[in-house]
Amino acid sequence: MDLWDDEDQNTDDDVTTGELELEDRHALRRVAGLSTELTDVTEVEYRQLRLERVVLVGVWTGGSVTDAENSMAELAALAETAGSQILEGLIQRRGRPDAATFIGRGKVEELGAVVRETGADTVICDGELSPSQLRNLEQQVKVKVVDRTALILDIFAQHAKSKEGKAQVELAQLEYLVPRLRGWGESLSRQTGGAGGSAGGGGVGLRGPGETKLEIDRRRIRTRIARLRREIKGMKTVRDTKRARRSRRAVPAVAIAGYTNAGKSSLLNRLTNAGVLVENALFATLDPTTRKAFTSDGRVYTLSDTVGFVRHLPHQIVEAFRSTLEEVAEADVVLHVVDGSHPDPEEQLRAVREVLAEVGAERLPELLVVNKTDAADEETLLRLKHEWPDAIFVSAHTGRGFDELRAAIESRLPRPAVEVRATVPYDRGDLVAQVHRRGEVLSTLHTAEGTEIHVRVDEALAAELSPWVTG
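Here, residues in each chain are numbered from 1, in the same order as that chain's written sequence. Under the rules for a predicted model, residues below a pLDDT of 70 receive no local features and side-chain atom pairs below 80 are neither given nor counted, while totals for whole chains, interfaces and linings still include all residues. Neither water nor hydrogens contribute to the side-chain values; these are computed over all heavy atoms in the structure.

Side note on the overall build of the chain
- Only DSSP runs of H or I with at least four residues qualify as helices, and only runs of E with at least two residues qualify as strands; both kinds are numbered from the N terminus onward. Per the secondary structure count, the chain includes 16 helices and 14 strands.
- When accessible area is computed with a 1.4 Å probe and restricted to protein chains, residues below 20% of their type maximum are described as buried, those above 50% as exposed, and intermediate ones as partly exposed. Counting over 471 residues, the chain shows a buried share of 54%.
- When contacts within the chain are restricted to residue pairs at least 6 apart in sequence, those whose partners lie at least 24 apart make up 71%.
- As displayed, the chain offers around 21700 Å² of accessible surface, 47% of which is attributable to carbon and sulfur atoms. Note on definitions: a residue-residue contact is assigned when non-hydrogen atoms from the two residues lie within 4.5 Å. Accessible surface is estimated by sampling points in the Shrake-Rupley manner with a 1.4 Å probe; for residues, cover comes only from the protein chains shown.

Notes on the packing of helix 3 (residues 105-118) against helix 4 (residues 131-141)
- Note on method: axes are straight lines fitted to C-alpha atoms, helices fitted across the in-contact stretch only, with angles between N-to-C directions ranging 0 to 180 degrees. Relative orientation of the contacting elements helix 3 and helix 4 amounts to 50 degrees, with a least axis distance of 9 Å. Of the possible angle classes, the one that applies to helix 3 and helix 4 is oblique. Crossing handedness for the pair helix 3 and helix 4: right-handed. Across the interface between the two elements, Val108, Leu111, Gly112 and Val115 of helix 3 pack against Leu137, Gln140 and Val141 of helix 4.
- Classifying every residue of the contact of helix 3 with helix 4 gives five nonpolar, two polar and no charged. Our angle categories are set so that under 35 degrees counts as roughly parallel, over 145 as roughly antiparallel, 65 to 115 as roughly perpendicular, and the remainder as oblique. Left-handed describes a crossing whose near helix is turned anticlockwise from the far helix by less than a right angle; the clockwise case is right-handed. Classification used: nonpolar for Ala, Val, Leu, Ile, Met, Phe, Trp, Tyr, Cys and Pro, charged for Asp, Glu, Lys and Arg, polar for all others including Gly.

Some remarks on helix 4
- Residues Gln133, Leu134, Leu137, Glu138 and Val141 constitute the buried set of helix 4. Buried residues in helix 4, looked at end-on, bunch into an arc of 125 degrees, giving them a common side.
- Phi turns positive, to about 65 degrees, at lysine 142, one or two residues after helix 4. This arc is built from the directions going out from the helix axis to the C-beta atoms.

Structural notes on the side chain of histidine 454
- The topology assignment puts histidine 454 in strand 14 (residues 451-457).
- Under the rule applied, a polar contact is a pair of N or O atoms within 3.5 Å (in protein, one hydrogen donor and one hydrogen acceptor; residues adjacent in sequence only if both atoms are side-chain atoms). Side-chain polar atoms of histidine 454 contact the side chain of glutamate 419, separated by 2.5 Å.
- Histidine 454 has contacts with Glu419, Val420, Arg421, Glu440, Val441, Leu442 and Ser443, leaving out every residue within four places of it along the chain.

Details of the packing of helix 2 (residues 65-81) against helix 5 (residues 148-159)
- Interaxial distance between helix 2 and helix 5 falls to 9 Å at its minimum, and their mutual angle equals 35 degrees. Considering the relative orientation of helix 2 and helix 5, their crossing is left-handed. When helix 2 is examined against helix 5, the residues Ser71, Glu74, Leu75, Leu78, Ala79 and Thr81 are found in contact with a partner set consisting of Arg148, Leu151, Ile152, Ile155, Gln158 and His159.
- Taken together, the residues of the contact of helix 2 with helix 5 sort by class into six nonpolar, four polar and two charged.

Concerning the environment of glycine 58
- Mapped onto the fold, glycine 58 is located in strand 2 (residues 52-60).
- Along the backbone, glycine 58 and glycine 127 are 69 residues apart, and their C-alpha atoms lie at a distance of 7.4 Å.

Describing the sheet that holds strand 8 (residues 300-305)
- A pair of strands is considered paired only if DSSP assigns at least 2 bridges between the two. An order of 7-8-6-9-10-11 is seen for the six strands of this open sheet, with the pairing classed as mixed. In this open sheet, the two edge strands, each paired with only one partner strand, are strand 7 (289-294) and strand 11 (392-393).
- Each of strand 6 (253-258), strand 7, strand 8, strand 9 (333-339) and strand 10 (366-371) is contacted by helix 9 (residues 264-272), which is oriented at about 160 degrees to strand 8, the strand it contacts most.

Structural notes on the sheet that holds strand 14
- One open sheet accounts for three strands, arranged 12-14-13; its pairing is antiparallel. Only two strands of the sheet have a single partner each, and these edge strands are strand 12 (418-424) and strand 13 (440-446). When the angles between neighbouring strand axes are averaged without regard to direction, this sheet yields 10 degrees.
- Pairing of strand 13 with strand 14 involves six bridges; the strand directions are antiparallel. What sits directly across from serine 443, in strand 14, is histidine 454.
- Against the sheet, helix 15 (residues 429-438) engages strand 12, strand 13 and strand 14, with an angle of about 35 degrees to strand 14.

What about the pattern of salt bridges?
- What makes a salt bridge here is a side-chain nitrogen of Lys or Arg within 4 Å of a carboxyl oxygen of Asp or Glu, nothing more. Tallying each qualifying case throughout the model produces 16 salt bridges.
- Salt-bridge contacts for lysine 107 lead to glutamate 110; the nearest nitrogen and oxygen are separated by 2.4 Å. In this pair, lysine 107 and glutamate 110 both sit in helix 3, three residues apart, roughly one turn of the helix.
- Via salt bridges that share partners, Glu74, Asp126 and Arg148 belong to a single interconnected network.

Comments concerning helix 14 (residues 402-412)
- Within helix 14, burial applies to Phe402, Leu405, Ala408 and Ile409. Projected down its long axis, helix 14 carries its buried residues within an arc of 115 degrees, all on one side. Structural note: helix 14 exposes Asp403 and Ser411 on the side pointing more than 90 degrees away from its buried face.
- Of the surrounding elements, those touching the buried residues of helix 14 are strand 6, helix 9, strand 8, strand 9, strand 10 and strand 11.

Observations regarding the side chain of asparagine 371
- With respect to the secondary-structure elements, asparagine 371 resides in strand 10.
- Looking at asparagine 371, its side chain comes within polar contact range of the main-chain oxygen of alanine 262, at 3.1 Å.
- In this view, asparagine 371 contacts Ala262, Gly263, Val337, Val338, Asp339, Gly340, Ser341, Val394, Ser395 and Ala396; residues no more than four positions away in its chain are not counted.

Description of the packing of aromatic side chains
- Aromatic contacts are taken between Phe, Tyr and Trp rings whose centres are within 6.5 Å, Trp giving its six-membered ring; a plane angle under 30 degrees counts as stacked, one over 60 as edge-to-face, and the others as tilted. Taken as a whole and assessed by the stated rule, the structure comprises zero aromatic pairs.
- Positioned over the ring face of tryptophan 60 is arginine 93, at 4.1 Å from the centre of the ring.
- Any Lys NZ or Arg CZ that is within 6 Å of a ring centre and within 35 degrees of that ring's normal is treated as a charge sitting over the ring. Over the face of the ring belonging to phenylalanine 402 we find arginine 270, whose NZ or CZ atom lies 5.9 Å from the ring centre.

A closer look at the nonpolar core
- Counting residues in each nonpolar core, the largest one holds 80 residues, and the members touching the most others are Leu267, Leu335 and Leu405.
- The residues touching leucine 267, leaving out its near neighbours within four places in the chain, are Ile256, Leu335, Val337, Val369, Val394, Ala396, Phe402 and Leu405.
- In this structure, Val57, Leu90, Val108 and Val145 belong to the second largest nonpolar core, which totals 20 residues. Throughout this description, the term nonpolar core refers to a set of buried Ala, Val, Leu, Ile, Met, Phe, Trp, Tyr and Cys residues connected via side-chain atoms within 4.5 Å.

Here we look at the confidence of the model for the chain
- When pLDDT is averaged across the chain, the result is 78; 76% of the residues are at 70 or more.
- One number per residue, pLDDT, summarises how confident the predictor is, and it ranges from 0 to 100. Looking over the chain, one finds the lowest element-wise mean pLDDT in helix 7 (residues 185-189), namely 44, and the highest in strand 11, namely 96.
- Every residue in residues 1-26 is under pLDDT 50, and counting partners more than four places away or in other chains gives 36 contacts.
- Note on residues 183-201: pLDDT is under 50 here. Beyond four places in sequence and across chains, it has 43 contacts.

Put into C-alpha cells, the structure is as follows:
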C-alpha cells in the first residue's frame, strides 16, 4: 500500500497525493541555513573537545517540507550542542528509509562526494540506524557515521554531572552499543580516550563510557550493564525514601516537565530562587532538582525540575532515566513547559506527552505553561491562546505572567483532607507553625486560652491537634 494514499496526509501544495514526485525521490535536497560559522574551538561550549566537521542527512518520509526542515534544524542544534561545525544539511524524499544504507545506494555516492567536497569527518543521520546500515554507510562514505540516537546519548554523556546521571547515561550508551559492536569497529579503533569524553576521546557519538580496545566483548559489556543496573536500583531506593518522607509529611509535589531548552530551569529559578544552571543549550541540565516553594497562605510544596525531552527521545534514555522520570509520575501536578518561540510548539507538546505516557504520568493533572513569550511573535501567541485556552503564558526572562502562574499552581494543589477547629495553647507555637506550613488556614484568632484556628490539615497533623479540638 502506498504510504501517501491517506487523504489526511499533511503535505505541501507541490506534493501530489498517491505518488512521490520523481524529482524528489531521486534528489538529495539541501537544507538552507544549517551551516554554522564556528571557526575556532574556543567558540564551542566544551573547549576540551575536538571540533568536528559534519554533514547532516535526513530522510523525509511524511508531512510537509516545513516539518522535515524543522527536524533537520533540531538535528543541527543537537550537533552544535555536541561541539560540531555543520558544513551541510541534506534531505532525501523517500517512502521509507533504505534498509541497507538509510538513503539508498545511489545517494550514498552523492553523499560521499559532498563529504569529500566539504572536508567533513563525520556524517550524522536524522534517525536510528541499524547495525548493518551503520556499517554499510561507514564503509562507503569512508568517514565516521553517527545516528540521532548516538548523538543525543553523546550530549547526555557531556552534561551528566551527578553519580546517578553518569551511571544512567553509561547504561544507555552501553545498551545502544551492544548490537553495534561489529559495525563500530573502525570508529572504535580510532578512539584514544576513555570514559567521560576526555580530549581526543572519539568525538561526537563516541563519548561517555568509551571503548579503547576492540577486544572488549559483549560478555564484559553485559557484566558492566548488570552492575550499572544494580547501582541505579540502589540510587532509586534512596530517591524513593526521600519521596516517601515528603509524602508522609503530606507535602504536595509539582513536577516541571517539557521539551529540552523550553526554559524549565529558568522557570524553577524564577519560582524558587533555586540557582539551577540556565543555558541556551539542549539538555543543559540532566540531574533532577527539587526545591521548596510556598503558596500565598504559607503552605509548603515542592517543585522538581526533570530531564528535558525531545522528539524521538531514544528509548535507551527513557529506560535508563526511568527512576528519575518516575519523579514526574509521583507528582500531584505536572507543570508542562512549552517554548512559545519555537517554530513548532505543538510538536513539542506531542513529543513530551508521548514520553510522559511511557512513565505513567499521562493522567496526572497538567498545567500547560507557554514560556518565552517575550521572544515569540504575536501571531503565534494568538494561535496558541486559541488552541490552548487554559494555558498560562509567561516569560521566565522578564517575569511576566508569574503572579498568574503561582495562583494557577496553588489552585491545583491537593487540599488537606481533614477540617479542624482547635484552640492551641501558646506554648505549642511549633504546632501552629506546622499547620501554616502543611495545612490550609481558613481563619485564626488569638484568645486568652491560646490560638484559635480553623484549618484543613492531613490526618497525621489532625491527630496532633486532637487534644485541643473545640468542635
